[in-house]
Every structure is written in structure tokens, then in C-alpha cells.
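Listed below are the residues making up each chain.
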Amino acid sequence: MWLCYGIQQTDKTSIGTQATFGLRTDTGLVGQQYSWLTTIFYITYMCFEFPSNLLLQRWMMGRTLSIYMLCWGVVVLCIGFAQNFTQLITLRALQGMFECCISPGFILVVGSWYTTREHASRALVFQSANAGFGIISSLVLYGIGSKQYQDPSFQAWRYMSYFLGSLTIIVGTLCLFLLGTPSEVRWLTPEEKKMANTRILSNNTGHDRTGIKKWRWEQARECLIDPCFWFAGLNAFLSSVPNGGLTTFGSIITTSFGFTNLQVILLDIPRSTFSVLYFVVIGLTVSKWKNLRMFFMMFSVIPPFIGFLVMALLPSDPQYKWAKWGGYFMTVPFVIGLFMAWTLIPSNTGGRTKRTLTSSWTFVGYCVGNMTGSQIFQAKDAPSYTPGTIGCSVCFCLEFILIVLWRLVLMRRNHIRAKKLREQGISEEDRVRLGKELGAQDITDLQNPYVSIFQPQT
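Here the residue numbering is sequential within each chain, running from 1 through the sequence in written order. Only residues with pLDDT of at least 70 get local features here, since the model is predicted, and only at 80 or more are side-chain atom pairs given and counted; chain-wide, interface and lining totals rely on the full set of residues. As a rule here, side-chain values cover all heavy atoms of the structure and leave hydrogens and water aside.

### Some words on the overall build of the protein
This is how the line gets drawn: A run of H or I in DSSP becomes a helix once it reaches four residues, and a run of E becomes a strand once it reaches two; helices and strands are each numbered from the N terminus. Each radius of gyration is computed over the set of C-alpha atoms, and the globule rule expresses the reference value as 2.2 Å times the number of residues to the power 0.38. Categorising residues by exposure relies on relative accessible area from a 1.4 Å probe, with only protein chains included: less than 20% of the type maximum marks a residue as buried, more than 50% marks it as exposed, and the intermediate range marks it as partly exposed.
The secondary structure content of the protein amounts to 22 helices and zero strands. Taken over C-alpha atoms, the radius of gyration comes to 22 Å for the protein, in line with the 23 Å a tight globule of 458 residues would show. Structurally, the protein occupies a C-alpha span of about 75 × 45 × 35 Å along its principal axes. Among the 458 residues that make up the protein, the fraction classed as buried is 59%.

### Some points on the pattern of salt bridges
Note the following rule: The term salt bridge refers to a side-chain nitrogen of Lys or Arg lying within 4 Å of a carboxyl oxygen of Asp or Glu.
Under the criterion given, the structure shown has five salt bridges. The salt bridge involving Asp 226 is made with Arg 413; its shortest N-O contact spans 3.1 Å. Highlighted residues: Asp 226 in the loop between helix H12 (217-225) and helix H13 (227-256) and Arg 413 in helix H20 (residues 386-424), separated in sequence by 187 residues. As far as the burial class goes, Asp 226 and Arg 413 line up, both buried. Of the charged contacts, one joins Lys 380 and Asp 381 as a salt bridge, the two residues approaching to 3.5 Å between their closest N and O atoms. Looking at Asp 381, the relative accessible area reads 15%, which means it is buried.

### Details of the nonpolar core
The condition is simple: To define a nonpolar core, start from buried Ala, Val, Leu, Ile, Met, Phe, Trp, Tyr and Cys residues and group those joined through side-chain atoms within 4.5 Å. Throughout, a residue-residue contact means that at least one pair of heavy atoms, one from each residue, lies within 4.5 Å.
Core analysis: the largest hydrophobic core is formed by 107 residues, its most contacted members being Tyr 366 and Trp 406. When residues of this core are assigned to their parent elements, the largest contribution, ten residues, is made by H13. When neighbours within four sequence positions are excluded, Trp 406 is seen to be in contact with Cys 228, Phe 231, Ala 232, Asn 235, Met 294, Met 297, Ala 341 and Leu 344. Counting residues in each nonpolar core, the second largest holds six residues, with Leu 54, Trp 215, Cys 223 and Phe 229 among its members.

### A word on the packing of helix H1 (residues 2-19) against helix H5 (residues 61-79)
Each pair of packed helices can be summarised by the angle the axes make with each other and by the distance between the axes. Put simply, the rule reads: Note on method: axes are straight lines fitted to C-alpha atoms, helices fitted across the in-contact stretch only, with angles between N-to-C directions ranging 0 to 180 degrees. Each crossing is labelled by how the near helix is turned from the far one, with a counterclockwise turn of less than a right angle marking it left-handed and a clockwise turn marking it right-handed.
Two numbers describe how H1 lies on H5: the axes approach to 11 Å, and their chain directions differ by 35°. Considering how the two elements wind past one another, H1 and H5 form a crossing that is left-handed. For the pair H1 and H5, the contacting residues are Cys 4, Ile 7, Gln 8 and Asp 11 in the first and Met 69, Trp 72 and Val 76 in the second.

### Structural notes on the packing of aromatic side chains
Convention followed: Two aromatic rings from Phe, Tyr or Trp, using only the six-membered ring of Trp, form a pair when their centres are within 6.5 Å; if the ring planes differ by under 30 degrees the pair is stacked, by over 60 it is edge-to-face, and anything between is tilted. The criterion for a charge sitting over a ring is simple: Lys NZ or Arg CZ within 6 Å of the ring centre, and within 35 degrees of the ring normal.
Throughout the structure, instances matching the rule amount to 30 aromatic pairs. Note on Trp 230 and Trp 361: the rings are 5.3 Å apart at their centroids and 75° apart in plane angle, and the pair reads as edge-to-face. With Trp 230 in helix H13 and Trp 361 in helix H19 (residues 352-375), the pair connects residues that are 131 residues apart, well separated along the chain. Look at Trp 230 and you get partly exposed, because its relative accessible area is 34%. Ring centres of Phe 249 and Phe 377 lie 5.5 Å apart, and the angle between their planes is 15°; this geometry places the pair in the stacked category. With Phe 249 in helix H13 and Phe 377 in the loop between H19 and H20, this pair connects stretches of sequence that are 128 residues apart. Comparing Phe 249 with Phe 377 shows no difference in burial state: the two are buried. Taken together, the aromatic side chains of Tyr 5, Phe 41, Tyr 42, Tyr 45, Phe 279, Phe 339, Trp 342, Phe 363 and Tyr 366 make up a single cluster linked through ring pairs. Its end group placed over the ring of Tyr 34, Arg 24 keeps NZ or CZ at 5.7 Å from the ring centre. A cation over an aromatic ring shows up here: Arg 271 above the ring of Tyr 328, its NZ or CZ 4.1 Å from the ring centre.

### Observations concerning helix H17 (residues 321-329)
Since one α-helical turn is 3.6 residues long, residues separated by three or four positions face the same way. Convention followed: Working definition: the arc comes from the directions between the helix axis and the C-beta atoms, pointing outward to the latter.
Of all the residues in H17, the buried ones are Lys 324, Trp 325, Gly 327 and Tyr 328. One side of H17 holds all its buried residues, which, seen down the axis, span an arc of 150°. In this structure, the buried residues of H17 make contact with H13, helix H14 (261-288) and helix H16 (302-313).

### Focus on unusual backbone geometry
One non-glycine residue, Asn 291, adopts positive backbone phi at about 60°. Topologically, Asn 291 is positioned in the loop between H14 and helix H15 (293-299).

### Here's the deal with the packing of H5 against helix H7 (residues 102-113)
Rule in force here: Note that the term roughly parallel is reserved for angles under 35 degrees, roughly antiparallel for angles over 145, roughly perpendicular for angles of 65 to 115, and oblique for everything else. Gly is put with the polar residues, along with every residue not named as nonpolar or charged; the nonpolar set is Ala, Val, Leu, Ile, Met, Phe, Trp, Tyr, Cys and Pro, and the charged set is Asp, Glu, Lys and Arg.
In contact at an axis separation of 11 Å, H5 and H7 are set at 155° when each is read in the N-to-C sense. It follows that H5 is roughly antiparallel to H7 by the angle criterion. Where H5 crosses over H7, the two elements pack in a sense that is left-handed. Along the contact surface, H5 presents Met 61, Leu 65 and Trp 72, while H7 presents Ile 102, Gly 105, Phe 106, Leu 108 and Val 109. In terms of residue class, the contact of H5 with H7 is built from seven nonpolar, one polar and no charged.

### As for the confidence of the model for the protein
Under the convention used in this document: Residue-level confidence of the predictor is what pLDDT reports, using numbers from 0 through 100.
When pLDDT is averaged across the protein, the result is 85; 91% of the residues are at 70 or more. Here residues 453-458 scores under 50 on pLDDT; set against residues more than four positions off or in separate chains, the count is 27 contacts.

### A short note on the environment of Phe 400
Within the secondary structure, Phe 400 sits in helix H20. For Phe 400, a relative accessible area of 31% corresponds to the partly exposed category. For the pair Phe 400 and Met 297, spaced 103 residues apart in the sequence, the C-alpha separation amounts to 8.0 Å. With sequence-adjacent residues up to four places away left out, Phe 400 is seen in contact with Met 298, Val 301 and Ile 302.

This is how it looks when you write it as C-alpha cells:
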């Protein structure tokens, strides 16, 4: 999962690096056409998000994810052969369509293997590949890019696509034999599969079995009245607006500080290294102590809020280039606000249909946010893109307020539930037993009165 997620993130965001090595000029991109390469990616990502989640629910999850990975690997490989905007935007649309299921699919896989207490740390392990694999890919892309300095006719961005596409196809083939839920994988014995399934019953959110075709409309209606459902989508949107801007224009903005395109690749390595260490610290901390996820989410949007203001307000003079890069470095922690929210889905959401809808809604917010982020950086604002960077800073301010409200709702809900259980005189042993029984019956978190799922996981 770590390798797959790292490759997916690199495949998706490599266009920013490729842009500094001639992609825009070699394919004749003008105006906002470059921005639309990211926008179309997230349009198809969003449109196929819900159908893909249904497919994950109704067919073998591991097999589905592997086939999708093989398909987008072919698309990334083909990007290296693109000659114009029409070919590029078509390929990016296909790439978004095939990559749409990887993140929600991996969140569901984590929920099928690990207990609630382990969800955050295990999810952060594969999500750390966003930076961890980024270190490896940066070194490879640096090697490819340096060839262009030796031979100006060498179009390095094309060979970056050749490399990334080929690697994705190879790893996708391996996943056909290795990836899946405990009930699907071939490398567990029947007894081991039974043990793995029994282990997650304590989550009170159901079982790991895919291939379930029953759709529960009452769970869909419950989503509409559950404020946490709406919080999840809005949080994903606010966090993804800056993400869309950084993944599309991060390398371009950094070169505007006064660095070369090769230096920009190398400067991403310390950012990625810090990100991995930050993920490790948070993963170990939330595994050992309860009730910390949302506190980390709140804290992790504060440095990016400051960092974007530094990039926006400092003059674009050579003497400020390291100060502005310092502001860019401060944006590293923002992904925690998004990634930690994803881990709340398998931890806090009961019912297969409700969990599917919550996951889909979250990634709709993720897609719309990334589309917005790629468009608020206008060509007329180059090279500093001040309006776009200020807009990203505002999003982090709003996200902080939203997370505070989200946690207050969870705390109040948990308090009311605990009070009712005390009034009924239900012992802790009975509460745990009854919670497991209802959780195994595909009951939602709001319908299950015997499990206090919110406080321990927030």
C-alpha cells in the first residue's frame, strides 16, 4: 500500500515538475490551459468517485484497485507521447478516472485489517508515501532532468512520464496477487482469514466482506441529517484548495523565488523528509494516546496559514528567496488535516452504505477543492500568484474553525450517549458485547446505542 500510494501521488503531481522542464512550451500550452490539466483530472476523479466506490463494495476490492492501477499506468506512460493540449487534457481526464478509487479504497482496506485504535497510525503509514516515495522519485527525476542540461534537445519531461508509467504498470501487476481484504487475499489460510475477520469485530462498524449488493436507503438518508457527514466533505474541500494550488503551481512558484528547475527538485527532498518524520511522530502518538487526532488536525493548519502569507506578502526580490522558500516549507503539515479526517471514516462511521457515501462525499470535496485550487492561480498573476496564495491562507483559517466545531459535535454526541447508558444501568461488558453484535449486523453509528465510537477515536 505504501508503494502504491506513493506512486499514485507522484504520477498525479509530477506534472508540476514536468512543467518546469518544458511541458508547456513543447505542447504549445497558453493561458489557463495548463491549469485545466489539473482541473479536468479532478472533474473525472469526482464523476467516477461514487461508481468506483460502489464497485469496490460489490466486487473484490484488491482486484479492482489493481486493475485501476494498471490502467492509469498506461495513461501516464502515454502522456510522454503527447504533442498538444487536446491529447494532454484527454489523457489527464483518463488518469483522473482511473486514479479516483485508490485513496478511498485504501481507507477501506485499512478498516478491514486493523482495529479502530490502529486506523490512524496504519493509514498514516501508507499516506506518508506522499512524501517518502517523493524523496525517491525526486532523485530519479533529478537524474532525468539533468540530462536536459547536457543536451538541450532532450525533452526530460517525456522521459519522466516513461519512467513513472512503466513503474506503475509493474507495481499494479504485483498488486493483483498481493492486495485485498483478509477475506480476499490468497496468502492467508482459511483459519488466518477467520482470525483477521474476528479481530475487527471490536470496531463495531461491520465486517470486511466485499461483494455485498444490498443498498440500505435508510443509511443514505441518515447521512443527510448527520452533521459529521457534511463536516467531512467541507473539511476535504478547504484542505484541498491549497493542495490543488501547490501540486499544480508549487514548482513554478518556487522557481519564481530565484531557483533553477533542478534546484527546485532537490529542495523538495528536505520538505519530504520533514513530512515523513512528522507523519511518524503523529502515527506513534495517536496509537499510544486517545483523543488526539483532531488536535493534530487543528495544529497542522496553523503553520501553512502563516507560510502562504509569507509567500504572498514578501517582495519577489532575490534577497528574499530563502525567506519565501521558508514560507513554502511551512506548508508541509497541512495534509494532516485531510489525511487524519480520512481515518475517521472507518473508525467512526458504521454501516456499509453510510461508510461508502461518506467516503464518496469526502472525495467529492477533495476533488472540488483541488479544481478550485488549480483555477485560483491565474496566468495573469504570475510569477508570484499573490491572490491565489492569499486565498489558500484563508482556507486554512476556515478549516481550523470547522475542525473545532466538528470536535465539539462529537464530544456532545458522546456525552449524551454515555449519559443514557448510565441511566439504563448497562455494564461496560454488556455495552461492548451489544455494540459488537449490532456492528456486525451492518448497523450505523447513530443506530447503535451501545457503542461510544466518537470520543476514543477523535
